[in-house]
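Chain by chain, the residues:
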Amino acid sequence: MPTFANPVLAGSHPDPSVCRAGEDFYLVTSSFAYYPGIPVFHSRDLVNWRPLGHVVHRSPRVPLAGLDVSDGLWAATIRHHRGTFYVVATLARDRRGSVTFLCTASDPAGPWSDPIVLDAEGIDPSLFFDDGRCWFTACRDAVQPDAGGPGELWMRELDLDALALTGPTHVLWHGAMRGAWVEAPHLYKRDGVYHLIAAEGGTEHHHAVTAARSDAVTGPYTTDPRSPLLTHRHRGAAEPVHNVGHVDLVDTPAGETWAVALGVRPVDGTHTLGREVFLVPVAWTARGPVFAPDTGRVGLSERLPAGATAASVQPAPEGPVRYGFGGPLGPEWNSLRGPVDDLVSPTPEGGLTIRLSPEPLTSTGTPAFIARRQQHLHARTATRIRFAAAAPAQEAGLAVFQNQDQHATLGLTVDASGTPRVVLTAREAGAATRLAAVAVAGTEVVLAVDSDASGYTFHVEDDGTRTTLGSIERPFFSTERAGGFVGVHIGLYGTGDAGGDAAEAYVEWFEYAGRDRS
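Residues numbered from 1 in each chain as written. Predicted model: local features only at pLDDT ≥ 70, side-chain atom pairs only at ≥ 80, totals over all residues. Heavy atoms only, no water.

1. Quick notes on the sheet that holds strand E3 (residues 24–28)
With antiparallel pairing, 4 strands are arranged side by side in an open sheet as E2-E3-E5-E6. With partners counted over all chains shown, the strands left at the sheet margins are strand E2 (17–21) and strand E6 (50–56), one partner each. Geometrically, the sheet is characterised by an average inter-axis angle of 25° between neighbouring strands, direction not taken into account. Here 5 bridges tie strand E5 (residues 37–43) to E6, and the two strands are oriented antiparallel to one another. Across the sheet, the residue bridging to His 42 is Arg 50, located in E6. (Pairing = 2+ DSSP bridges. Helix = DSSP H or I, 4+ residues; strand = E, 2+ residues; numbered from the N terminus. Axes fitted to C-alpha atoms, helices over the stretch in contact; angles between N-to-C directions.)

2. Observations regarding the pattern of salt bridges
Counted under the stated rule, the structure contains 30 salt bridges. Asp 450 is the partner of Arg 380 in a salt bridge, and the nearest nitrogen-oxygen pair spans 3.3 Å. Here Asp 450 lies in strand E35 (residues 444–451) and Arg 380 lies in strand E30 (residues 378–386), a separation of 70 residues in the sequence. For Arg 380, a relative accessible area of 26% corresponds to the partly exposed category. One network of salt bridges, in which partners are shared, links Arg 380, Asp 450, Glu 461 and Arg 466. (Salt bridge = Lys/Arg side-chain N within 4 Å of Asp/Glu carboxyl O. Buried < 20%, exposed > 50% of the residue type's maximum accessible area, 1.4 Å probe, protein only.)

3. Topic: the packing of aromatic side chains
The full count for this structure, using the stated rule, is 14 aromatic pairs. With 5.4 Å between their ring centres and 50° between their planes, Tyr 86 and Phe 129 make a pair best called tilted. With a gap of 43 residues between them, Tyr 86 in strand E8 (residues 84–93) and Phe 129 in strand E11 (residues 123–130) connect regions that are remote in the sequence. Note on accessibility: Tyr 86 and Phe 129 belong to one class, buried. Connected via pairs of aromatic rings, a cluster forms that spans Tyr 323, Phe 325, Trp 333 and Phe 510. The lysine or arginine in question, Arg 322, covers the ring of Trp 509, its NZ or CZ lying 3.8 Å from the ring centre. Note that Arg 372 overlies the ring of Tyr 512, its terminal NZ or CZ placed 3.8 Å from the centroid. (Phe/Tyr/Trp six-rings, centres within 6.5 Å; stacked < 30°, edge-to-face > 60°. Lys NZ or Arg CZ within 6 Å of the ring centre and 35° of its normal.)

4. With respect to the environment of Leu 158
With respect to the element layout, Leu 158 can be found in strand E13 (residues 151–159). Along the primary structure Leu 158 and Thr 252 are separated by 94 residues, whereas in three dimensions their C-alpha atoms are 26 Å apart. Once you skip the residues sitting within four places of it in the chain, Leu 158 turns out to touch Leu 102, Leu 118, Leu 127, Cys 134, Leu 163, Ala 164 and Leu 165. (Contact = heavy atoms within 4.5 Å.)

5. Concerning the pairing of strand E9 (residues 96–105)
Burial within E9 is extensive, with 7 of its 10 residues counted as buried. For E8 and E9, the ladder comprises 9 bridges, and the chain directions are antiparallel. When the bridges of E9 are listed, Val 87 appears paired with Cys 103. Where E8 folds back onto E9 in an antiparallel hairpin, the turn is made up of 2 residues, including Asp 94, whose phi is positive at roughly 55°.

6. A word on the sheet that holds strand E32 (residues 406–414)
If you walk across this open sheet you meet the 6 strands as E29-E38-E31-E32-E33-E34, and the pairing is antiparallel. The open sheet is flanked by strand E29 (368–373) and strand E34 (431–439), the only strands paired with a single partner. Each neighbouring strand pair of the sheet contributes to a mean axis angle of 20°, computed without reference to strand direction. In terms of strand pairing, strand E31 (residues 395–403) meets strand E38 (residues 489–495) through 7 bridges, oriented antiparallel. The residue bridging Phe 401 from the neighbouring strand is His 489, located in E38.

7. Description of the state of the cysteines
This structure, assessed with the given rule, holds 0 disulfides. Just so you know, Cys 103 is unpaired, no disulfide at all, and the nearest cysteine sulfur is the one on Cys 19, 14 Å from it. Given a relative accessible area of 0%, Cys 103 falls into the buried group. Considering cysteine sulfurs only, Cys 134 is the nearest to Cys 139, which forms no disulfide, with 17 Å between them. Here Cys 139 falls in the buried class, since its relative accessible area comes to 0%. (Disulfide = S-S within 2.5 Å.)

8. A word on unusual backbone geometry
Here Asn 6 and Pro 7 are connected by a cis peptide whose omega angle stands at 0°. Tracing the chain through its elements places Pro 7 in the loop between strand E1 (3–5) and E2. A positive phi angle, near 50°, is found at Arg 82, a position not held by glycine. Structurally, the position occupied by Arg 82 is in the loop between strand E7 (72–81) and E8.

9. Looking at the side chain of His 407
Within the secondary structure, His 407 is located in strand E32. A relative accessible area of 1% means that His 407 is categorised as buried. At 3.0 Å, the side chain of His 407 and the backbone oxygen of Asn 403 are in polar contact. (Polar contact = N/O pair within 3.5 Å; in protein donor to acceptor, adjacent residues only side chain to side chain.)

10. Here's the deal with the side chain of His 81
Among the secondary structure elements, His 81 is positioned in strand E7. His 81 sits in the buried class, given a relative accessible area of 17%. The residues contacting His 81, other than those within four sequence positions of it, are Tyr 86, Phe 129 and Leu 160.

Following this line, the structure appears as structure tokens:
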């Protein structure tokens, strides 16, 4: 039987939501404080996903400045109805919902409308179209302290003409697990029955998919006694996929139902790639949906959806991808909390100029920094960079970035005497430690970092000589140690006060090569 390899979107792509329009599938994920916000992907077979662009650009209604990397844009939902695509999402501050908004587009590649702020509290909004009406659902703290759970799922109608919530609020459900917060609500209708699918148990090891059902869209909903319907919390440490949950379902033209779910691939109990998108088959029974009916688990290999062919399923590229920068940055590149057009710009020769910024990577502002997700456990990242620093406080180079308090930099700078040097620095819980420094012959070097199951090893190639500066253990960059909800990004940065001079670094190329096997 032809199969595909999970995850279908590797690297930090949490909280997936999917919809179908005709023969095409579209998917969005959380983007947190990375910019642009809410990436959009397209597929014809649910296995191969192509980036289309982003929903949120340059909008004062969803400000990201000042936010921790794991705050920002959370858990968007995408839906298609009568030629219009809708995305609802939450802007989170201090790990709580701050603003809920809606964007629309006739083409999911964009442009998307400016965000429309909705009168809604909580997080994880979703939309459900039924009999000409649209229902908005989300989760929030339970209004009544003795309601049966700390959180509750609630609903209001969305007026599609006014694009505003209207009518009464309906409290739908408090979850299946007492003491656990219920979140990620999505509604589906099957044979006249409304199925409310949610997530409980947090986003870590106890993450689980639970469900309730009702004969009326506004409830009351009763817990599906089979809950949890999908979880890996009961499986041992050797299980390759953990933290499974936060699903969204979609029907294919061939009549199958599939779910996208998030999960992580830990090594010795910690993960660095973040929460990734896994594809899971779903069967409908009289009792409701059955996830992964043949195995009851999310595996690294699964049968192909009907209609997909083995020839159409291409594995993720594992050879080196060398980026030139002759035009606008591709959708795989992100900055932090806002655009960096005035700091990072392509050159006519195909390189990239990074103008130094006094905003450090440790801030909650927008530093001179662009990065791409790390998508493979075994990866090599390298760049050829030219930079003539005027002072030790100026540096440019490669960053392995988990969050503003937990990252490492391999930077080209100078010492107090003006001699060019490459310096390896680790920052944990905001405290910086210089791990190594080596003098180099000139102002142009190749900087590289190799990662594997044990850690990240940093090198510099100078005038044909390769020097290893040191290694940092892999768990240093893990979510378990650093906290938060994101995976590692690797990219380019330039920091330091340029004063009256236009201090710039020039990047000739950037290369990423990954593989999931040793």
